[in-house]
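So you can see what is in the structure, the chains are spelled out below.
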Amino acid sequence: MDHAHLKQKALSYVEEAAAFIKDAMKNTYGIDTKANKDDLVTDVDRNVEKLFIDKVAKDFPDHRLMGEEGSYKDIDDLSGYVWILDPIDGTVNFVHMGTYFAISLGIFKDGEPVIGIILDVMNDEWFVSEAGKGAELNGKRLPQLPDVALDEALVSFNTGWVLKDTRLQEIVKKARGTRSYGSAALEMAYVASGRIDAYISMNLAPWDVAGGWAVLKEVGGVATTYEGNELTFLQKDTLFAASPSIYKQINAHLK
Ligand code: 2AM
Ligand code: CA
Ligand code: CA
Ligand code: CA
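Note that this is a predicted model, so its numbers are computed, not measured.

**Let's talk about the nonpolar core**
(1) Moving on: Ranked by internal contacts, the top residues of the largest apolar core, which has 38 residues, are Ile84, Met188, Leu216, Ala223, Phe233 and Leu239.
(2) Moving on: Elements that contribute at least two residues to this core include exactly strand 4 (81–89), strand 5 (102–109), strand 8 (134–137), helix 6 (184–192), strand 12 (198–204), helix 7 (206–218) and strand 14 (237–242).
(3) Moving on: Broken down by element, the residue count for this core peaks at eight residues, all from helix 6.
(4) Moving on: Apart from residues no more than four positions distant in its own chain, Leu216 is found in contact with Leu145, Met188, Val191, Ala192, Gly221, Val222, Ala223, Ala241 and Ala242.

Right, here's the structure in full:
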């Protein structure tokens, strides 16, 4: 099935959501904590999710939406079309920096990605994919990921994980450099566009990784749990996303 119509609609919702976010940033908005004092959510996150819930219900009544700010509760399988949405990925960046956050959307059909959209809202960078048709950054085709040597690679993870896992410290020593952007969706998009070569996290949810996987898959990238298992997009898990060559080289150090 051609997903061009679905993609056009999804792009228009993301564009509208981005305009909504930029407008909301002109005013003050409510900020709450969730699981701990560093786990933030704002009224803007919730309102963006609401925007998508309303649009999908109206335009695609047989599709379901799994969003971070509440609508995930209705979803425990991936049959049919499921929109996996993070209304704002990188909420801490959003609140503290006013930039480096994304809208992340992966539309899945029977558990497989069909459309991926990650928008870096303030930098206007659109990472977009359609299954079998490749991925683009602002309309320019992203090439298949080339082979890279680990000593010439940039790898990304939170410094907190490095303190806890000595194997990651080995990767830090071997790699050319480390980065940490604070948005899983953008970090996966950066792997997909060859800006960095790997991204590892120990605690992510389906909405953090669904859009990123949709885009990364189209350029030949790899994404599994840290232990090398398939992602389910139904539960919280670890993540190891990389170009195929760097995936193999890092994996050799994780054994
Ligand atoms: P969020 O901004 O949508 O919450 C930060 O390193 C990255 O991890 C972000 O993509 C963030 O998504 C995600 N993340 C997942 N679970 C988190 C949590 N409990 N607290 C903070 N960030 C979390
Ligand atoms: Ca969150
Ligand atoms: Ca997120
Ligand atoms: Ca979020």
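**Regarding helix 8 (residues 244–254)**
(1) Moving on: When helix 8 is considered as a whole, its buried residues turn out to be Ser245, Ile246, Tyr247, Ile250, Asn251 and Leu254.
(2) Moving on: On the buried face of helix 8, the contacting elements are strand 10 (154–156), helix 5 (166–174), strand 12, strand 13 (222–224) and strand 14.

**Examining the site of ligand 1**
(1) Moving on: Taken together, 14 residues lie near ligand 1, and Asp86, Asp89, Gly90, Thr91 and Ala184 sit nearest.
(2) Moving on: Asp86 is positioned such that a nitrogen or oxygen atom in its side chain is 3.0 Å from an oxygen atom of ligand 1.
(3) Moving on: Taking Thr91, its main chain carries an N or O atom lying 2.8 Å from an oxygen atom of ligand 1.
(4) Moving on: Surface burial for ligand 1 is 82%, taken as the share of its 480 Å² of free accessible area covered by protein chains.
(5) Moving on: Mapping ligand 1 onto the cavity grids shows that it belongs to the largest pocket.
(6) Moving on: Contributions of two or more residues to the shell around ligand 1 are made by strand 4 and strand 12.
(7) Moving on: No other element matches the three residues that strand 4 contributes to the shell around ligand 1.
(8) Moving on: Split into classes, the residues belonging to the shell around ligand 1 amount to three nonpolar, six polar and five charged.

**Considerations on the coordination of the calcium ion (ligand 2)**
(1) Moving on: The protein atoms donating to the calcium ion (ligand 2) are Glu68 (OE) and Glu68 (OE), with metal-donor distances spanning 2.2 to 3.2 Å.
(2) Moving on: A separation of 5.1 Å is found between the calcium ion (ligand 2) and the calcium ion (ligand 3).
(3) Moving on: Looking at the element boundaries, Glu68 is found in the loop between strand 3 (64–67) and strand 4.

**Here's the deal with the packing of helix 5 against helix 8**
(1) Moving on: Contact geometry of helix 5 with helix 8 gives a least axis separation of 9 Å together with a crossing angle of 135°. When the axis of helix 5 is compared with that of helix 8, the two are oblique. Two packed elements cross with a definite hand, and for helix 5 against helix 8 that hand is right-handed. Across the interface between the two elements, Arg167, Ile171 and Lys174 from helix 5 touch Ile250, His253 and Leu254 from helix 8.
(2) Moving on: Classifying every residue of the contact of helix 5 with helix 8 gives three nonpolar, one polar and two charged.

**Quick notes on the coordination of the calcium ion (ligand 3)**
(1) Moving on: Protein coordination at the calcium ion (ligand 3) comes from Asp86 (OD), Asp89 (OD) and Asp208 (OD), with a distance range of 1.9 to 2.2 Å.
(2) Moving on: Read from N- to C-terminus, the donor residues coordinating the calcium ion (ligand 3) fall into the pattern D-x2-D-x118-D.
(3) Moving on: Classification of Asp208 by relative accessible area gives buried; the value is 10%.

Rules used in this analysis
Residues numbered from 1 in each chain as written. Chains lettered and ligands numbered in written order. Predicted model: local features only at pLDDT ≥ 70, side-chain atom pairs only at ≥ 80, totals over all residues. Heavy atoms only, no water. Core = buried A, V, L, I, M, F, W, Y, C linked by side-chain atoms within 4.5 Å. Buried < 20%, exposed > 50% of the residue type's maximum accessible area, 1.4 Å probe, protein only. Helix = DSSP H or I, 4+ residues; strand = E, 2+ residues; numbered from the N terminus. Contact = heavy atoms within 4.5 Å. Near = heavy atom within 4 Å. Polar contact = N/O pair within 3.5 Å; in protein donor to acceptor, adjacent residues only side chain to side chain. Areas by Shrake-Rupley, 256 points an atom, 1.4 Å probe, with all protein chains shown as cover. 1 Å grid on protein atoms, 1.4 Å probe; cavity = no way out; pocket = protein on both sides within 12 Å on 5 of 7 lines; lining within 4 Å. Sits in = over half its atoms within 2 Å of the grid points. Nonpolar A, V, L, I, M, F, W, Y, C, P; charged D, E, K, R; others polar. Donors = N, O, S within 2.8 Å, 3.2 Å for Na, K, Ca; no water. Axes fitted to C-alpha atoms, helices over the stretch in contact; angles between N-to-C directions. Parallel < 35°, antiparallel > 145°, perpendicular 65-115°, else oblique. Left-handed = near helix turned anticlockwise from the far one by under 90°.

Purely spatial values, then, with no claim about function.
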